[in-house]
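Below are the chains, spelled out letter by letter.
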Amino acid sequence: MKRILLFTGDGKGKTTAALGVVLRAAGHGQKCLVIQFVKSDGETGEAGAGRVLAGVEIVQMGRGFVPNPNHSQFKDHCQTASDAMTFAEKALSAGLHDLIVLDEVCIAVHKKLIEEDRVLELLKKETTVSCIILTGRHASPGLIEAADTVTEMHCVKHALQQGNTAQRGVEY
């Protein structure tokens, strides 16, 4: 039976929570695929971990910060997100992984890089994948409804708001 988890909200920890599940699954010998829809920095800690953890593959397909829809590069971001969805659809059909994370897919839907219906269709497909995790701010009502477990991270206080810089191993 396929489980769908969703980590959303304005607080820190959505990707971190998903990666915690990946770490747990990898510890049980499960094969995990993390598809990053927005992130593009290959020097993050999770990208490095994906290169050394057995059974964990992290694929960054994003272009970084998403510009406004009227920006000249917005269409490139839409194409990249569409390519990430095609990659996810093929991975789900191939059945080579036990767990698939669609990192920042919620923000990709919110920013209109991809259609919510396309993500919902992916979630409905028959598969041998036992768990799909969605992350990102602004999860749509449809994605929330489709998930079995939804956790909302709420920011009470964040070091960056106090003028601290992003810390290696904590924020990236």
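Note: the structure precedes this text.
From a predicted model like this one, the values you see are computed outputs, not experimental measurements.

(A) Molecular detail of the overall build of the chain. Within the chain, the secondary structure is distributed over 6 helices and 6 strands. Its helices and strands in sequence order give the chain the pattern β-α-β-α-β-α-β-α-α-β-α-β, from N to C terminus. Rg of the C-alpha trace for the chain: 15 Å, near the compact-globule value of 16 Å for 172 residues, within the 12% margin. With the C-alpha coordinates aligned to their principal axes, the bounding extent of the chain is approximately 45 × 35 × 30 Å. Looking at the chain residue by residue over its 172 residues, the buried ones come to 45%. The long-range fraction of contacts in the chain, counting pairs at least 24 apart against all pairs at least 6 apart in sequence, stands at 75%. About 9,500 Å² of surface is accessible on the chain, with carbon and sulfur atoms providing 50% of the total. One way to put it: in the chain the 19 positive side-chain charges average out to a point 3 Å from where the 20 negative ones average out.

(B) Summary view of helix α2 (residues 45–52). Along α2, the positions that sit buried rather than exposed are Glu46, Ala47 and Gly50. For α2, the angular spread of the buried residues around the axis is 105°, confining them to a single face. In α2, the exposed positions that point more than 90 degrees away from the buried face belong to Arg51 and Val52. Residues of α2 that are buried make contact with α1 (14–27), β2 (32–36) and β3 (56–60).

(C) Representation of the pattern of salt bridges within the structure. Under the defined criterion, the tally for this structure stands at 5 salt bridges. The salt bridge partner of Lys39 is Asp103, with a shortest N-O separation of 2.9 Å. Pair noted here: Lys39 is in the loop between β2 and α2 and Asp103 is in strand β4 (residues 99–103), with a separation of 64 residues, a long-range link. When the shortest N-O distance is used, the salt bridge between Asp76 and Arg63 registers 4.0 Å. On the criterion of sequence distance, the pair formed by Asp76 in helix α3 (residues 74–94) and Arg63 in the loop between β3 and α3 is long-range, its members being 13 residues apart.

(D) How the structure looks around helix α5 (residues 116–124). Of all the residues in α5, the buried ones are Val119, Leu120, Leu122 and Leu123. The buried residues of α5 occupy an angular sector of 155° when the element is viewed end-on, so they sit on one face. For α5, exposure combined with an orientation more than 90 degrees from the buried face picks out Asp117 and Lys124. For α5, the elements touching its buried residues are β1 (3–9), α3, β4, α4 (105–110), β5 (131–135) and α6 (141–146).

(E) Region of interest: the packing of α3 against α5. Packing of α3 against α5 brings their axes to within 10 Å, and their N-to-C directions diverge by 10°. In terms of axis orientation, α3 runs roughly parallel to α5. Residues Ser82, Met85, Thr86, Ala88, Glu89 and Leu92 of α3 lie in contact with α5, whose contacting residues are Arg118, Val119 and Leu122. Residue classes in the contact of α3 with α5 are distributed as 5 nonpolar, 2 polar and 2 charged.

(F) View of the sheet that holds β3. Read across the sheet, 6 strands follow the order β3-β2-β4-β5-β1-β6 without closing on themselves; strand pairing throughout is parallel. Single-partner strands in this sheet number two, and they are β3 and β6 (149–153). When the angles between neighbouring strand axes are averaged without regard to direction, this sheet yields 15°. Pairing analysis gives 4 bridges linking β4 to β5, with the strands arranged parallel.

Basis of the calculations
Residues numbered from 1 in each chain as written. Predicted model: local features only at pLDDT ≥ 70, side-chain atom pairs only at ≥ 80, totals over all residues. Heavy atoms only, no water. Helix = DSSP H or I, 4+ residues; strand = E, 2+ residues; numbered from the N terminus. Rg over C-alpha atoms; globule rule 2.2 N^0.38 Å. Buried < 20%, exposed > 50% of the residue type's maximum accessible area, 1.4 Å probe, protein only. Contact = heavy atoms within 4.5 Å. Areas by Shrake-Rupley, 256 points an atom, 1.4 Å probe, with all protein chains shown as cover. Lys, Arg positive; Asp, Glu negative; His and termini not counted. Charge placed at Lys NZ, Arg CZ, Asp CG, Glu CD. Arc of directions from axis to C-beta. Salt bridge = Lys/Arg side-chain N within 4 Å of Asp/Glu carboxyl O. Axes fitted to C-alpha atoms, helices over the stretch in contact; angles between N-to-C directions. Parallel < 35°, antiparallel > 145°, perpendicular 65-115°, else oblique. Nonpolar A, V, L, I, M, F, W, Y, C, P; charged D, E, K, R; others polar. Pairing = 2+ DSSP bridges.

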